[in-house]
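Residue strings, one per chain:
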Amino acid sequence: MINYVELPSKDLGATKAFFAAAFGWEFVDYGPEYTSFSATSAGLDGGFFLDTKASTTATGGALVVLKSDGLEATLAALEAAGGGIVKTIFHFSGGRRLPLPQP
């Protein structure tokens, strides 16, 4: 069972602002180079660490899927939070998806 995940971020401030605005995530900072989120607000415990690199599926990074009960409302929240849309909502064998890059 996965109980914690850590992801790189080129800009912790922008990452925190985006996920807080788009999904309501809450963060706890541990110095200037690490911030954590909890299962209470994000559904899984984890954190972001400051790095000059970013993980993408195009470069072999993991695909992280966030659940949404209303994908169109989530799309609107993402756009309002300044999220870039990689691809519009599309159907696949397990339902519908909306890929987005981390800020």
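Keep in mind the model is a prediction, meaning the values are calculated, not measured.

Caption draft 1: The environment of Asp11, seen in detail. By the secondary structure assignment, Asp11 is in the loop between β1 (5-9) and α1 (12-23). Since its relative accessible area comes to 41%, Asp11 is described here as partly exposed. Sequence separation of Asp11 and Ala54 is 43 residues, and the distance between their C-alpha atoms is 10.0 Å. Among the polar contacts made by the side chain of Asp11, one reaches the main-chain amide nitrogen of Gly13 at a distance of 3.1 Å.

Caption draft 2: Representation of the sheet that holds strand β3 (residues 34-37). Taken together, four strands build an open sheet; the order of strands is β1-β4-β3-β2 and the sheet is mixed. Of all strands in the sheet, those with a lone pairing partner are β1 and β2 (27-29), marking the two edges. When strand polarity is set aside, the average angle formed by the axes of neighbouring strands in this sheet is 25°.

Caption draft 3: The arrangement of the nonpolar core in detail. Core analysis: the biggest nonpolar cluster contains 11 residues, these being Leu12, Phe18, Phe19, Ala22, Trp25, Phe27, Phe37, Phe48, Leu71, Leu78 and Leu98. Among the elements of the structure, α1 and α3 (71-80) are those that each provide at least two residues to this core.

Caption draft 4: Expanded view of the environment of Ala76. Relative to the elements of secondary structure, Ala76 occurs in helix α3. Linking Ala76 and Ala22, residues 54 residues apart in sequence, is a C-alpha distance of 8.8 Å.

Caption draft 5: Up close: the pattern of salt bridges. Summed over all chains, the structure comprises two salt bridges. Salt-bridge contacts for Lys16 lead to Asp29; the nearest nitrogen and oxygen are separated by 2.8 Å. Of the two residues, Lys16 sits in helix α1 while Asp29 sits in strand β2, which places them 13 residues apart along the sequence. The exposure class assigned to Asp29 is partly exposed, which follows from its relative accessible area of 46%.

Caption draft 6: Summary view of the packing of aromatic side chains. Throughout the structure, instances matching the rule amount to 10 aromatic pairs. Summarising the aromatic geometry, the rings of Phe27 and Phe37 are spaced 6.4 Å apart at their centres and angled 85° between planes, so their arrangement reads as edge-to-face. Of the two residues, Phe27 is situated in strand β2 and Phe37 in strand β3; the sequence distance between them amounts to 10 residues. There is no split in this pair, since Phe27 and Phe37 are both buried. When the centroid spacing of 5.4 Å and the interplanar angle of 55° are considered together, the rings of Phe37 and Phe48 count as tilted. On the criterion of sequence distance, the pair formed by Phe37 in strand β3 and Phe48 in strand β4 (residues 46-50) is long-range, its members being 11 residues apart. Given the relative accessible area of 6%, Phe37 is considered buried. An aromatic cluster is defined as three or more aromatic residues linked by ring pairs; in this entry it consists of Phe18, Phe19, Phe23, Trp25, Phe27, Phe37 and Phe48.

Conventions used here
Residues numbered from 1 in each chain as written. Predicted model: local features only at pLDDT ≥ 70, side-chain atom pairs only at ≥ 80, totals over all residues. Heavy atoms only, no water. Helix = DSSP H or I, 4+ residues; strand = E, 2+ residues; numbered from the N terminus. Buried < 20%, exposed > 50% of the residue type's maximum accessible area, 1.4 Å probe, protein only. Polar contact = N/O pair within 3.5 Å; in protein donor to acceptor, adjacent residues only side chain to side chain. Pairing = 2+ DSSP bridges. Axes fitted to C-alpha atoms, helices over the stretch in contact; angles between N-to-C directions. Core = buried A, V, L, I, M, F, W, Y, C linked by side-chain atoms within 4.5 Å. Salt bridge = Lys/Arg side-chain N within 4 Å of Asp/Glu carboxyl O. Phe/Tyr/Trp six-rings, centres within 6.5 Å; stacked < 30°, edge-to-face > 60°.

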